[in-house]
Amino acid sequence: LKCDEDSFVHVAKINEYLAGLGAAAAAALYAGQVVVAPVRRTGKWGVPAEVFPAAQYPPYAKGGGYLLSIDVARQIVPEIQTGRSPLLSNVEDAMVGVAADRLAMSATGLNHHFRELSLDIAAVRAASALHCCSSDTMLYHKPAQLAVCDACWAAGGLEPDTQAAGAVRLLLRPSRGRATSA
């Protein structure tokens, strides 16, 4: 699991998902909130055309958090290190997607389980429930307040320590297809 420090992670839900995967699916895992986005040329997320000339990125799992098996990581990392896929350090999520695409891998969309706070203020105000409190949420990026997610899960009788920062890692054992918290 790669996640940002402003992501709420429900480790038990992710472990439950991983435990349900077969060995082949677990070994080939690259999953999260999948998007196709245009390449920005300026600003914080800008990438020069000389580095990546395409107008849009291939589908990729958004950087608030995504799952990547060790087997997939072992293929993606050399792809980037050797320069076969471009180093896009300011958009690491898109960079992983570009490398995966070059390797003919695709991200599995878990868009109903990996969520983030909408940038549309009207949509946020109209929401009748907190998505981080939804029983099927595995990861919620940029909640208004992480304490709200903690309190919500605790009220539901779930373990109170489900909030996680970038230090949380799930290790996928390809030979067993199971995950463990580290």
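This text goes with the structure placed above it.
A few points on the structure. (Residues numbered from 1 in each chain as written. Predicted model: local features only at pLDDT ≥ 70, side-chain atom pairs only at ≥ 80, totals over all residues. Heavy atoms only, no water.)

1. Topic: the overall build of the protein chain
Helix and strand counts for the protein chain come out as six helices and nine strands. Counting only residues that meet the buried cut, the protein chain has 40% of its 182 residues in that class. Just so you have it, the protein chain exposes about 9,600 Å², and 56% of that area is on carbon and sulfur atoms. (Helix = DSSP H or I, 4+ residues; strand = E, 2+ residues; numbered from the N terminus. Buried < 20%, exposed > 50% of the residue type's maximum accessible area, 1.4 Å probe, protein only. Areas by Shrake-Rupley, 256 points an atom, 1.4 Å probe, with all protein chains shown as cover.)

2. So, the sheet that holds strand 3 (residues 30–35)
Read from one edge of the open sheet, four strands run 1-4-3-5, paired in mixed fashion. The outermost strands of the open sheet, each flanked by one partner alone, are strand 1 (2–3) and strand 5 (108–109). Against the sheet, helix 4 (residues 92–102) makes contact with strand 1, strand 3 and strand 4 (60–68), and its axis sits at roughly 55° relative to strand 4, the strand it touches most. (Pairing = 2+ DSSP bridges. Contact = heavy atoms within 4.5 Å. Axes fitted to C-alpha atoms, helices over the stretch in contact; angles between N-to-C directions.)

3. Quick word on unusual backbone geometry
In terms of backbone geometry, most residues other than glycine have negative phi values and most peptide bonds are trans. Despite not being glycine, alanine 104 has its phi angle at roughly 60°, a positive value. Inspection of the secondary structure assignment puts alanine 104 in the loop between helix 4 and strand 5.

4. Section: the sheet that holds strand 6 (residues 114–116)
Strand order across the open sheet formed by three strands is 2-7-6, with mixed pairing between neighbours. Single-partner strands in this sheet number two, and they are strand 2 (7–9) and strand 6. Pairs of neighbouring strands in the sheet enclose a mean axial angle of 15°, with direction left out of account. When strand 6 meets strand 7 (residues 139–141), the two strands line up parallel, connected through three bridges. Following the sheet pairing, phenylalanine 114 is matched in strand 7 by leucine 139.

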